[in-house]
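# Descriptive analysis of the structure
Listed below are the residues making up each chain.
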Amino acid sequence: MNKLKLSIQVCLNGLSFLILDCEENQLVWHKKTTFQKEFNPAKILKEIELVYEKEEFLQNPIEEVMLLFSNELYSIVPEEYFIEEEASNYLKFNTKILKTDVVAHDLIEVNNLVIVYIPFTNITNYFFDKYGEFEYKHSISVFAQAILSLEKSLLTKVYLNNYTNSYDLVIVRNGKLLLSNSFTYDSAEDFIYYLLFTLEQLKLDPSEIDLILTGEISEESSFYQIVYTYIKNVQFLKPDLNINFTEEYNNQFQREAFILLKSIECE
């Protein structure tokens, strides 16, 4: 078996798995599971265990594992002000922290920023028992790092990565991060409200900014239609991934799996 890399994305309302063969630099397997509602960490772990019971491909030897957490339980701190021993204090104003919670952090090297967040320890323990040492991050770290690495324009650009009932926003200007935030929504009206409210707070004109969409969104979706009503400069992200894809993994799939794919790119 060739060198395989596995990326798992854990959301409160779903799971995604993706495996790359780094000998062939090719996507060889993926699976997505959507829950009917948001699950707590204990229920999510049961769903992960079910996937491992049913999916034979996951029984193959895996050389590298990346676990991604996608939720709103994070905060961003400039690296120069970050004190690891005080990590929980950066979260306490916008996140309820329990005594049993572990606080983790990722470094976004491009802008010298630190993402402070709460991983689900029952899930990290499960994967440690299964694979031994592995890496985990918050998905916003991967998304922001990817955008900041490619975006050097003097213009203000808004990147929106959509999931089921939530999305991440990353706004950049001149290669610098202006904002990174995540929102949950129940309708297309909620979807556009949070976007327009964010632009208003940053004093950005919807008619002048460029909005780049990725994730689970297409021209046929109600979310795209309502966005295009208010923002005219809308386009879809061109993933530009250094991976060999077969025809079934088209551009739309690559956008939907962008975070998973960026997290385990082969060298």
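Here, the structure is the one placed above.
Criteria and cut-off values
Residues numbered from 1 in each chain as written. Predicted model: local features only at pLDDT ≥ 70, side-chain atom pairs only at ≥ 80, totals over all residues. Heavy atoms only, no water. Core = buried A, V, L, I, M, F, W, Y, C linked by side-chain atoms within 4.5 Å. Buried < 20%, exposed > 50% of the residue type's maximum accessible area, 1.4 Å probe, protein only. Helix = DSSP H or I, 4+ residues; strand = E, 2+ residues; numbered from the N terminus. Salt bridge = Lys/Arg side-chain N within 4 Å of Asp/Glu carboxyl O. Pairing = 2+ DSSP bridges. Axes fitted to C-alpha atoms, helices over the stretch in contact; angles between N-to-C directions. Contact = heavy atoms within 4.5 Å. Parallel < 35°, antiparallel > 145°, perpendicular 65-115°, else oblique. Left-handed = near helix turned anticlockwise from the far one by under 90°. Nonpolar A, V, L, I, M, F, W, Y, C, P; charged D, E, K, R; others polar. Disulfide = S-S within 2.5 Å. Expected span 1.5 Å × (residues − 1). Arc of directions from axis to C-beta.

### Focus: the nonpolar core
- Grouped together as the largest cluster of nonpolar side chains are 63 residues, with contacts concentrated most on Val10 and Ile123.
- In terms of residue count, helix H3 (residues 139-150) provides more of this core than any other element does, 7 residues in total.
- One finds Ala188, Leu211, Val227 and Ile231 within the second-largest nonpolar core, a separate group that totals 25 residues.

### A look at the pattern of salt bridges
- Taken as a whole and assessed by the stated rule, the structure comprises 7 salt bridges.
- Of the charged contacts, one joins Glu64 and Lys3 as a salt bridge, the two residues approaching to 3.7 Å between their closest N and O atoms. Separated by 61 residues along the polypeptide, Glu64 in strand E4 (residues 64-70) and Lys3 in the segment before strand E1 (4-11) bring together distant segments of the chain.
- Glu64 gets classed as partly exposed once you look at its relative accessible area, which sits at 36%.
- A salt bridge links Glu55 to Lys31, with the nearest nitrogen and oxygen atoms 3.4 Å apart. Remark: Lys31 occurs in strand E3 (residues 26-34) and Glu55 occurs in the loop between helix H1 (41-54) and E4; sequence separation between them is 24 residues.
- On the basis of relative accessible area, Lys31 is assigned to the partly exposed category, the value being 26%.
- Salt bridges here are not isolated pairs; linked through shared partners, they connect Lys3, Lys5 and Glu64.

### Re the sheet that holds E1
- Taken in spatial order, the 5 strands of this open sheet run E3-E2-E1-E4-E8, and their pairing is mixed. Strands with a single pairing partner mark the edges of an open sheet, and in this sheet they are E3 and strand E8 (135-138). With strand direction ignored, the average angle separating the axes of adjacent strands in the sheet is 15°.
- Note: strand E2 (residues 14-21) against E3, 8 bridges, orientation antiparallel. Bridge assignment links Asp21 to a residue of E3, and that residue is Gln26.
- Across the sheet, H1 lies against E1, E2 and E3, angled at about 40° from E2, the strand it touches most.
- Each of E1, E4 and E8 touches helix H2 (residues 121-131); the most contacted strand, E4, lies at about 170° to it.

### A short note on the side chain of Ser218
- Along the chain, Ser218 turns up in the loop between strand E12 (210-215) and helix H5 (222-230).
- Residue classification places Ser218 among the buried residues on the basis of a relative accessible area of 15%.
- Beyond its immediate chain neighbours, meaning those up to four positions away, Ser218 contacts Tyr224, Phe236 and Gln252.

### A closer look at the packing of helix H4 (residues 188-201) against H5
- The contact between H4 and H5 brings their axes to 9 Å, and the two run at 40°. One finds that H4 runs oblique with respect to H5. Here H4 and H5 pass one another in a crossing that is right-handed. Residues Ala188, Glu189, Phe191, Ile192, Leu195 and Leu196 of H4 lie in contact with H5, whose contacting residues are Ser222, Phe223, Ile226, Val227 and Tyr230.
- For the contact of H4 with H5, a count of residues per class yields 9 nonpolar, 1 polar and 1 charged.

### Points about the state of the cysteines
- According to the stated counting rule, one finds 1 disulfide in the structure shown.
- The disulfide bridge from Cys22 ends at Cys266, spanning 2.0 Å between sulfur atoms. Residues Cys22 and Cys266 share a disulfide whose torsion about the S-S bond is about -80°; that sign makes it left-handed. Residue Cys22 is located in the loop between E2 and E3, and its partner Cys266 is located in the segment after helix H7 (258-263); the two are separated by 244 residues in the primary sequence. Accessibility classification places Cys22 together with Cys266 in one group, the buried group.

### Brief notes about H4
- Across its 14 residues, H4 extends 20 Å between first and last C-alpha, which sits within 8% of the 20 Å expected from 1.5 Å per residue.
- Turning to H4, its buried residues number three or more, namely Ala188, Phe191, Ile192, Leu195, Thr198 and Leu199. On an axial view of H4, the arc spanned by its buried residues comes to 130°, and they lie on one face. Structural note: H4 exposes Glu189 and Glu200 on the side pointing more than 90 degrees away from its buried face.
- The inward-facing, buried residues of H4 contact strand E9 (156-162), strand E10 (166-173), strand E11 (176-184), E12 and H5.

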